[in-house]
Amino acid sequence: MIVVVGGVKGGTGKTTIATNLTVMRSSVGKKVLLTDADEQKSSSLFSAQRDGLGIETKWVTIQLGGTDLRKQIMRLKPDYDDIIIDVGGRETTSQRSALSVADIYILPFNPASYDIWTIGQVNTIISDMKTLNDKLKAIAFINRADPRGTDNEEAISILQECKEFECLKFTIGNRKTFRTSSGEGLSVTEVKNPDKKAVQEITELYEYVYSKCTV
Amino acid sequence: MVVRKPIEKEKKTEADFEKMIAKGALVHEDIKPKEDKKNAHINFRIPSDMLNNVDEALKERVGMSRNAWILEAIHEKLKKVEQR
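Let us look at the structure shown here. (Residues numbered from 1 in each chain as written. Chains lettered and ligands numbered in written order. Predicted model: local features only at pLDDT ≥ 70, side-chain atom pairs only at ≥ 80, totals over all residues. Heavy atoms only, no water.)

This part takes up the overall build of chain A. Each helix and strand in chain A was counted, giving nine helices and seven strands. The C-alpha radius of gyration computed for chain A amounts to 16 Å, which stays within 12% of the reference 17 Å derived for 215 residues, consistent with globular compactness. Projecting the C-alpha coordinates of chain A onto the three principal axes gives extents of approximately 45 × 40 × 30 Å. Relative to its full complement of 215 residues, chain A shows a buried share of 56%. Of note, chain A has its 28 positive side-chain charges centred 2 Å away from the centre of its 28 negative side-chain charges. (Helix = DSSP H or I, 4+ residues; strand = E, 2+ residues; numbered from the N terminus. Rg over C-alpha atoms; globule rule 2.2 N^0.38 Å. Buried < 20%, exposed > 50% of the residue type's maximum accessible area, 1.4 Å probe, protein only. Lys, Arg positive; Asp, Glu negative; His and termini not counted. Charge placed at Lys NZ, Arg CZ, Asp CG, Glu CD.)

Shown next, in the form of structure tokens:
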């Protein structure tokens, strides 16, 4: 299955989601290709950090981008059980190219107006790419959710009005462990004394993507 | 007549994909010269304040060279000319 973690807003936590899903997917024995299609190359840095610290890395990380990404992924697809593509927070040829071959498009949104205002642009990309890739399923969720207040619920209710993607009801909180674990080259599920809530939240997303969205 | 051939789904060509993908902004990989392409060298003059603006814009494109940024700008301009 090919999963793209994207959107058109920077700083929504795309790389954190992509790397955590990669670790979790490969830990159950799946042969995973993590494709870094973001110019910031943060996913590659995560894998490099892990290698540098001598932690076992069961997946393969490559950097691809631009219009050719589509052809390269189609060529690599038979060699892997799962491909996870981390695209940057801009509407680029890389993002569109990835969506032309994707099964699932994961859209993390922060519960803030600037993030929610990108809905129109995201809708256009999805509807464009669905004309060519009719198997594409887009899901959005609130990432870095606020611990209190009504912003999360308000953002969810706006996202749920969109017809191009499904908005998930669960959220992933703005938890420190997501930041600290990546620095250690680990997923939140691998750290010593894991934050149970963070593990539960990322597992909920993982289960949704790899069980309920199975193609 | 009640027996008809099934309607064939319109086949999507690689050109259809390329056209849709090209709606996105170009990235470094789109503009870097292919190994088999020869590069031409030119003398290029640019007002220093414009160059400062380029360098400022470059800060948002981590890992991109100044040369690649200028090439991208030329690509975008050529694309507009082609669409006229």
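Right, picking up where we left off after that structure.
Along the chain, the position of Arg70(A) falls in helix α3 (residues 69-76). A residue is classified by how much of its surface remains accessible, and Arg70(A), at 6% relative accessible area, is buried. Polar contacts involving the side chain of Arg70(A) include one to the side chain of Ser100(A), which spans 3.2 Å. Not counting the four nearest positions on each side in its chain, Arg70(A) is found in contact with Ser97(A), Ser100(A), Val101(A), Glu14(B), Phe17(B) and Ile21(B). (Polar contact = N/O pair within 3.5 Å; in protein donor to acceptor, adjacent residues only side chain to side chain. Contact = heavy atoms within 4.5 Å.)

Quick look at the sheet that holds strand β1 (residues 2-5) of chain A now. Residue and element names in this part refer to chain A. Taken together, seven strands build an open sheet; the order of strands is β3-β2-β4-β1-β5-β6-β7 and the sheet is parallel. Each edge of the open sheet is held by one strand with a lone partner, namely β3 (60-63) and β7 (166-173). Shown here is a sheet whose adjacent strand axes are inclined to one another by a mean of 20 degrees, direction ignored. Lying on the sheet, helix α1 (residues 14-27) is in contact with β1, β2 (32-37), β4 (82-87), β5 (104-109), β6 (137-145) and β7; it crosses β4 at an angle near 165 degrees. Strands in contact with helix α7 (residues 151-159) are β5, β6 and β7; relative to β6, the strand with the most contacts, it is inclined by about 165 degrees. (Pairing = 2+ DSSP bridges. Axes fitted to C-alpha atoms, helices over the stretch in contact; angles between N-to-C directions.)

Contacts between chain A and chain B engage 23 residues on the former and 20 residues on the latter. The interface formed by chain A and chain B contains five salt bridges. Here Lys71(A) and Glu18(B) are joined by a salt bridge, their closest N and O atoms 3.4 Å apart. Remark: the boundary between chain A and chain B carries eight residue pairs in polar contact (both at pLDDT 80 or more). Among the elements of the structure, α3, α4 (93-99) and α6 (119-130) of chain A are those that each provide at least two residues to the side of chain A that touches chain B. Looking at the side of chain A that touches chain B, the element that brings in the most residues is α4(A), giving four residues. When the residues that make up the side of chain A that touches chain B are grouped by side-chain class, the tally is three nonpolar, 10 polar and 10 charged. (Salt bridge = Lys/Arg side-chain N within 4 Å of Asp/Glu carboxyl O. Nonpolar A, V, L, I, M, F, W, Y, C, P; charged D, E, K, R; others polar.)

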